[in-house]
Amino acid sequence: MTALPQMPSRTDQVFEAIVDDICTGRLTPGTPLRQEQLADRFNVSRQPIQQALLLLRNQGLVREFGRRGLEVAPLEPAFVSHLYELRAVLDGQSARLAASRRDDAWLRHADEIVAAGNQALADRAFAQMIRGDVEFHRSVVEASGNPLLVESAGVMWRNVQRVMSEVLLQGGAPAWVWEDHAAILEAIRDRDGEAAEALSRRHAEHGERLILDAMGEAASGSA
């Protein structure tokens, strides 16, 4: 007998909605999160709100402040460096595995993602570029065929998307981002796992520098 897919719980729905608000900048760093206000907004009891906030705290998206309060966690350079160290490892290993496990259907889909990303770059549609960036790297992780990598990367990419949205929407993104994606894709297409891993790691290192430089410019501009 085939099991029917489970519907998302109220906690899952609230969690995903708050994550989306944080990643898209509707909830900025330092914004207080009040259980009563969130319960009214989502028309749920406080229990799923409490559970969703606990998950958000465990994933580093919110933090405690004041007396029993929570706020959207700020973005700090040390956090970005730690995040991108993890990204380099996960993306690199995923690309290496994808090179030996990808199929033609995946290659066609990846080609479409890269083409859409280049179009977004030409149109200077930065929000669309960020979504495409995340979609490309998530697709590589999925092509690895390792469900534990997929699960581990899920938490990471929520934070990466948040960092990218917070910083890149202020100043855009350089063309090399999608040039790197095209190079990673070609290495995977050629089944060259070593090159795919090296390119993915270098791409993560370049991304870290881009984010940290943008954060430094924003800090000096507001000083």
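You'll find the structure just up there.
Draft legend 1. Up close: the overall build of the protein chain. Within the protein chain, the regular secondary structure consists of 9 helices and 3 strands. Ordered by position from N to C terminus, the α and β elements of the protein chain give α-β-α-α-β-β-α-α-α-α-α-α. Evaluated residue by residue, the protein chain yields a buried proportion of 43% over its 223 residues. When contacts within the protein chain are restricted to residue pairs at least 6 apart in sequence, long-range pairs at least 24 apart make up 75% of them. Surface exposure of the protein chain reaches about 12100 Å², of which carbon and sulfur atoms provide 50%.

Draft legend 2. Spatial organisation of empty space enclosed by the protein. Inspection of the entire model under this criterion finds 2 cavities of 30 Å³ or more. The space that makes up the second largest cavity amounts to roughly 40 Å³. Every residue lining the second largest cavity is listed: Asp91, Ser94, His137, Val140, Ile184 and Ser200. Those elements that provide at least two residues to the lining of the second largest cavity are α4 (77-101) and α6 (126-143). Tallied by class, the residues present in the lining of the second largest cavity amount to 2 nonpolar, 3 polar and 1 charged.

Draft legend 3. Seen up close, the pattern of salt bridges. The final tally for this structure, using the stated rule, is 12 salt bridges. Where arginine 26 meets aspartate 21, a salt bridge forms, and the shortest distance between an N and an O atom there is 2.8 Å. A residue is classified by how much of its surface remains accessible, and arginine 26, at 53% relative accessible area, is exposed. Across the pair aspartate 213 and arginine 209 runs a salt bridge, and its minimum N-O distance is 3.2 Å. Here aspartate 213 and its partner arginine 209 are both found in helix α9 (residues 193-222), 4 residues apart, which amounts to about one turn of the helix. The class of aspartate 213 is partly exposed, set by a relative accessible area of 37%.

Cut-off values and rules
Residues numbered from 1 in each chain as written. Predicted model: local features only at pLDDT ≥ 70, side-chain atom pairs only at ≥ 80, totals over all residues. Heavy atoms only, no water. Helix = DSSP H or I, 4+ residues; strand = E, 2+ residues; numbered from the N terminus. Buried < 20%, exposed > 50% of the residue type's maximum accessible area, 1.4 Å probe, protein only. Contact = heavy atoms within 4.5 Å. Areas by Shrake-Rupley, 256 points an atom, 1.4 Å probe, with all protein chains shown as cover. 1 Å grid on protein atoms, 1.4 Å probe; cavity = no way out; pocket = protein on both sides within 12 Å on 5 of 7 lines; lining within 4 Å. Points joined across faces, edges and corners; volume = space filled by probe spheres on them. Nonpolar A, V, L, I, M, F, W, Y, C, P; charged D, E, K, R; others polar. Salt bridge = Lys/Arg side-chain N within 4 Å of Asp/Glu carboxyl O.

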